[in-house]
Amino acid sequence: MHWTNDGGGPSVVGMAVLTASRKRARTSSVGLKMLMAGSGILLVLFLFAHMAGNLKIFVGSAAFDHYAHWLRDIGTPLLPRTWYLWLQRTALTAAVLVHIVAATILARRARTARPVRYAHRPKVQGGYAARTMRWGGVIIVLFAVFHILDLSTGTVNPVGDQAHPYGNVVADFAPSRWYVTLFYALAILAVGVHLRHGIFSAARTLGQQSPRGARRARAAALVLSSVLVAGYLSVPAAVLLGLVK
Ligand code: HEM
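What this report covers is the structure whose coordinates are included nearby.

Calculation notes
Residues numbered from 1 in each chain as written. Predicted model: local features only at pLDDT ≥ 70, side-chain atom pairs only at ≥ 80, totals over all residues. Heavy atoms only, no water. Donors = N, O, S within 2.8 Å, 3.2 Å for Na, K, Ca; no water. Tetrahedral: all angles 85-135°; square planar, octahedral: opposite > 155°, others 65-115°. Helix = DSSP H or I, 4+ residues; strand = E, 2+ residues; numbered from the N terminus. Contact = heavy atoms within 4.5 Å. Near = heavy atom within 4 Å. Polar contact = N/O pair within 3.5 Å; in protein donor to acceptor, adjacent residues only side chain to side chain. Nonpolar A, V, L, I, M, F, W, Y, C, P; charged D, E, K, R; others polar. Axes fitted to C-alpha atoms, helices over the stretch in contact; angles between N-to-C directions. Parallel < 35°, antiparallel > 145°, perpendicular 65-115°, else oblique. Left-handed = near helix turned anticlockwise from the far one by under 90°. Expected span 1.5 Å × (residues − 1). Bend = angle between axes of the 7 residues up to and from the residue. Salt bridge = Lys/Arg side-chain N within 4 Å of Asp/Glu carboxyl O. Buried < 20%, exposed > 50% of the residue type's maximum accessible area, 1.4 Å probe, protein only.

This next bit is on the coordination of the iron atom of the ligand. Around a metal, the ideal angle is 109.5 degrees if four donors adopt a tetrahedral arrangement and 90 or 180 degrees if six donors adopt an octahedral arrangement. Coordination of the iron atom of the ligand by the protein is provided by H50 (NE2) and H147 (NE2), with metal-donor distances spanning 1.9 to 2.0 Å. Coordination at the iron atom of the ligand comes from six donor atoms whose angles at the metal span 87 to 179°, giving a geometry best classed as octahedral. Separated by 97 residues along the polypeptide, H50 in helix α1 (residues 12–54) and H147 in helix α5 (residues 133–152) bring together distant segments of the chain.

Have a look at this one:
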């Protein structure tokens, strides 16, 4: 730091260096928010595609199992079988890691910018959804690990037949396994709450900054997350009600 020699504070050069370094930090925070928005959008696209696939269960066991087999054939004959699935798995894992690392750095920066905590925590925009982003994220990651061991590899599923995922899903949500259904329902609600705030924040980062834009972003976030929660919850609900067996 350059100081004036009259002991009166930072010189013009010092101020310029300080401003430039603050600007750099601010720019890279915007960059991190862009990374969060970009990786989040990829994850949301996956969630909608996955929901649409899950709804095939209402068409019947043959349609659902056919869809699961087709997942392994996407990209053939250009790509060898299952390559597309592995590319998707790699992209999703990378998106989750980028999302978590960017969120952690941004949260740490926000804390460093205000080392003394507020005596009364100010109301965060988005209310409940904004305040639960971190814990919601942890629940979703834990659920994803359980879910892959359950329905992708079949390791913890009572049937675990990879050739017939319809049977695995029906066995999963049997009334006697109410605790598994409850965990799924909680995780799906966490996804909904997380998404509501995430879509709203991404829309703001990507330009919806006016009051009208923010209102639109909030409404879109509510509609999209409600559709997703209803679509995902409909599967365990249908099994519990005996509509899918
Ligand atoms: C009731 C809700 C859900 C049902 C019935 C369901 C069903 C399934 C099934 C059957 C598979 C295996 C597909 C296959 O490999 O053939 C699967 C895989 C997967 N699901 Fe779900 N899912 C649900 C909710 C979710 C949610 C909320 C998420 C995200 C948070 C999610 C993320 C995944 C992932 C990452 C895979 C692994 C895909 C792969 O093997 O590459 N699922 N799901």
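Moving on from the model shown.
On to the environment of L42, then. Checked against the element boundaries, L42 lands in helix α1. For the pair L42 and L92, spaced 50 residues apart in sequence, the C-alpha separation works out to 7.7 Å. Beyond its immediate stretch of four places on either side in the chain, L42 contacts A91 and A95.

This part is about the site of the ligand. Taken together, 16 residues are adjacent to the ligand, and H50, R72, R89, H147 and S152 come closest. At a separation of 2.7 Å, an oxygen atom of the ligand approaches a polar side-chain atom of R89. For the shell around the ligand, the secondary-structure elements that each account for two or more residues are α1, α2 (61–73), α5 and α8 (211–240). Residue classes in the shell around the ligand are distributed as ten nonpolar, four polar and two charged.

Turning our attention to the packing of α2 against helix α6 (residues 165–172). When two helices pack together, their arrangement is given by the angle between the helix axes and the distance between those axes. With their axes 8 Å apart at the nearest point, α2 and α6 run at an angle of 115° to one another. Between α2 and α6, the angle falls in the class roughly perpendicular. Contacts between α2 and α6 involve S61, F64, D65 and A68 from the former and P165, Y166 and V169 from the latter.

This paragraph deals with the packing of helix α7 (residues 178–205) against α8. The geometry of α7 relative to α8 is characterised by a closest axis approach of 8 Å and an angle of 165° between their N-to-C directions. Put simply, α7 runs roughly antiparallel to α8. Remark: the crossing between α7 and α8 carries right-handed chirality. Among the residues making up the contact of α7 with α8, the classes are represented as 19 nonpolar, three polar and three charged.

The next subject is α8. Taking 1.5 Å as the rise per residue, α8 with 30 residues should run 44 Å; its terminal C-alpha atoms sit 43 Å apart, in good agreement. Bending of α8 peaks at approximately 30° at the position of S234, with proline P236 no more than four residues after it. Looking one or two places after α8, you find G242, whose phi comes out positive at around 80°.

Below, the discussion takes up the pattern of salt bridges. Inspection of every chain in the model, using the stated rule, returns two salt bridges. Among the salt bridges present, the one from D73 reaches R81, with a minimum N-O distance of 2.8 Å. Relative accessible area serves as the criterion here: at 30%, D73 is assigned to the partly exposed category. We classify R81 as partly exposed; its relative accessible area is 47%. Salt-bridge contacts for R177 lead to D172; the nearest nitrogen and oxygen are separated by 2.7 Å. With relative accessibility at 0%, the residue D172 sits in the buried group.

Moving on, we come to unusual backbone geometry. Here the amide bond leading from T76 into P77 is cis, since omega sits at 5°, within 30 degrees of zero. Phi angles above zero are rare outside glycine, and T82 is one such case at about 70°. With respect to the helices and strands, the residue T82 is situated in the loop between α2 and α3 (83–113).

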